[in-house]
Amino acid sequence: MMLRLIQNELYKMVRLKKLYIFMAILAVHAWLTVYFYNAGGEWKSVIVVPNGQSLPLTLLNSMAQFMIVFIPIYVADMITSEVNNGTLKLSLLCPVRRIEWLCAKIVSLFAFLVVLLACSIAAEYVIGTLAFGWEEQTLYAGTLYSQSEGVWLTLRLAFSMLLPYMACGMIVIIVALSAASISAAIGLSIGILTAAQYLNIVDTLKPYSIVNQMYFFHESIHQANIAAILQNVVVLAGYLIVSYFISAIMIKKKDFIL
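Please read these numbers as outputs of a predicted model, since none were measured by experiment.

Conventions adopted
Residues numbered from 1 in each chain as written. Predicted model: local features only at pLDDT ≥ 70, side-chain atom pairs only at ≥ 80, totals over all residues. Heavy atoms only, no water. Helix = DSSP H or I, 4+ residues; strand = E, 2+ residues; numbered from the N terminus. Rg over C-alpha atoms; globule rule 2.2 N^0.38 Å. Buried < 20%, exposed > 50% of the residue type's maximum accessible area, 1.4 Å probe, protein only. Contact = heavy atoms within 4.5 Å. Axes fitted to C-alpha atoms, helices over the stretch in contact; angles between N-to-C directions. Parallel < 35°, antiparallel > 145°, perpendicular 65-115°, else oblique. Nonpolar A, V, L, I, M, F, W, Y, C, P; charged D, E, K, R; others polar. Expected span 1.5 Å × (residues − 1). Polar contact = N/O pair within 3.5 Å; in protein donor to acceptor, adjacent residues only side chain to side chain. Phe/Tyr/Trp six-rings, centres within 6.5 Å; stacked < 30°, edge-to-face > 60°. Salt bridge = Lys/Arg side-chain N within 4 Å of Asp/Glu carboxyl O. Left-handed = near helix turned anticlockwise from the far one by under 90°.

*Asks:* Looking at this model, I keep getting lost on the overall build of the protein chain. Mind explaining?
*Replies:* Check the secondary structure of the protein chain and you find eleven helices and two strands. Listed N to C, the secondary structure of the protein chain is α-α-α-α-α-α-β-β-α-α-α-α-α in terms of helices and strands. Over its C-alpha trace the protein chain gives a radius of gyration of 20 Å, about what one expects of a compact globule, namely 18 Å for 258 residues. Projected onto its principal axes, the C-alpha coordinates of the protein chain cover approximately 60 × 40 × 35 Å. Scored against the burial criterion, the 258 residues of the protein chain give a buried share of 48%. Taking the contacts inside the protein chain whose residues are at least 6 apart along the sequence as the reference set, 79% of them involve residues at least 24 apart.

Next up, the structure:
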């Protein structure tokens, strides 16, 4: 039954128009970055060395600003809509455990993030190569890498961001389970994530900000600072574990049938 639930969630994800809209937004963002760089003038670009290999790494930080919006929209559509329109009630009338339903949603969120990251990287490689050419080396954080090293670095850093993105998603799941409507779930989630950015003002609290992790977690991976990596992983694991148990308690106690 669990496998069937996951298959059903993945099928719904593939059919979701929002997924392709999000992909298009990320591709347009990459294209606009390249366009304004080529336009020159006084506009300051994040691009330092223009080539196809470097563009995905150049735009990696900026993806967090989109995920802060994309994740709440997806989770609200995935959970709050089912709770409100009665789909969840029908599922629970079948031999489906509530915790299995929750775990299937979490797997769907993970798959959503993987697909979005993979398509974003692919689009940025294509756009960057068409605009600047592939070139021979990748530049990141002031260091040049060979072609194979650059591709591996890009994939390693980009997909390391699955951990903070999933931690963010688990927080949003709590909001989505308790929200009265999709709009409320989205608005409250974005509000909480926006407020979390103010933790960055205090240096001692900055590592505990989920938004800070969404922007900069990959940098600790790149620097290979074991102490920083361990601290960040522990913080994110804490978000994941605590959020999961809160969600599990909520899903068990909430009356969805009546």
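Next comes the rest of the description.
*Asks:* Looking at this structure, I do not really get the packing of helix α7 (residues 147–160) against helix α8 (residues 162–178). What am I missing?
*Replies:* In a packed pair of helices, the relevant descriptors are the angle between the two axes and the axis-to-axis distance. The contact between α7 and α8 brings their axes to 5 Å, and the two run at 20°. Classified by the angle their axes make, α7 and α8 are roughly parallel. Contacts from A158, F159 and S160 of α7 reach α8 at L162, L163 and P164. Taken together, the residues of the contact of α7 with α8 break down into five nonpolar, one polar and no charged.

*Asks:* Would you take a moment to explain helix α11 (residues 226–253) for this structure?
*Replies:* Its 28 residues give α11 an end-to-end C-alpha distance of 40 Å, which sits within 8% of 40 Å, the value for a rise of 1.5 Å per residue. Of all the residues in α11, the buried ones are I229, N232, V235, L236, S243, S247, A248 and I251. Looking at the buried positions of α11, the neighbouring elements they touch are α6 (98–132), α8 and α10 (210–223). Two or three places before A227, at the opening of α11, N225 has a side-chain oxygen 3.2 Å from that residue's backbone nitrogen.

*Asks:* Explain the packing of aromatic side chains to me, please; I cannot follow it from the model alone.
*Replies:* Each aromatic ring pair is described using two quantities: the centre-to-centre distance and the angle formed by the ring planes. For the structure on display, the rule yields ten aromatic pairs. A ring pair is formed by Y125 and W134, whose centres lie 5.4 Å apart and whose planes are at 45°; its orientation type is tilted. Seen from their ring centres, Y215 and F216 are 5.9 Å apart, and the 40° between their planes marks the pair as tilted. Take F216: its relative accessible area is 34%, and that puts it in the partly exposed class. Clustering of aromatic rings is evident, with ring pairs tying together F22, F66, F70, Y74 and F112.

*Asks:* Help me understand the pattern of salt bridges in this model?
*Replies:* Any two side chains of opposite charge can pair if their charged atoms end up close together. As enumerated under the stated definition, the model contains three salt bridges in all. E9 is the partner of K12 in a salt bridge, and the nearest nitrogen-oxygen pair spans 3.2 Å. Placement of the pair is K12 and E9 together in helix α1 (residues 2–15), with a separation of three residues, close to one helical turn. Take K12: its relative accessible area is 31%, and that puts it in the partly exposed class. Overall, the relative accessible area of 5% leaves E9 in the buried class. Between D77 and K18 there is a salt bridge, with the nearest N and O atoms lying 3.2 Å from each other. With a gap of 59 residues between them, D77 in helix α4 (residues 63–85) and K18 in helix α2 (residues 17–39) connect regions that are remote in the sequence. Residue classification places K18 among the partly exposed residues on the basis of a relative accessible area of 30%. The structure contains a network of salt bridges with shared partners spanning E9, K12 and K105.

*Asks:* Can you help me understand the environment of I71 in this one?
*Replies:* Looking at the element boundaries, I71 is found in helix α4. According to the relative accessible area criterion, I71 is buried, its value standing at 0%. Note: C-alpha distance between I71 and G169 (98 residues apart in sequence) is 6.1 Å. Not counting residues within four places of it along the chain, the set of residues in contact with I71 comprises L113, Y165, C168, G169, V172 and M214.

*Asks:* Explain the packing of α6 against α7 to me, please; I cannot follow it from the model alone.
*Replies:* For the pair α6 and α7, the least separation of the axes is 11 Å and the interaxial angle reads 145°. Both α6 and α7 take part in a crossing whose hand is right-handed. Residues V114, L117, A118, I121 and Y125 of α6 form the contact with α7, whose own contacting residues are G150, V151, T154, L155, A158 and F159. Across the contact of α6 with α7, the residue classes tally to nine nonpolar, two polar and no charged.

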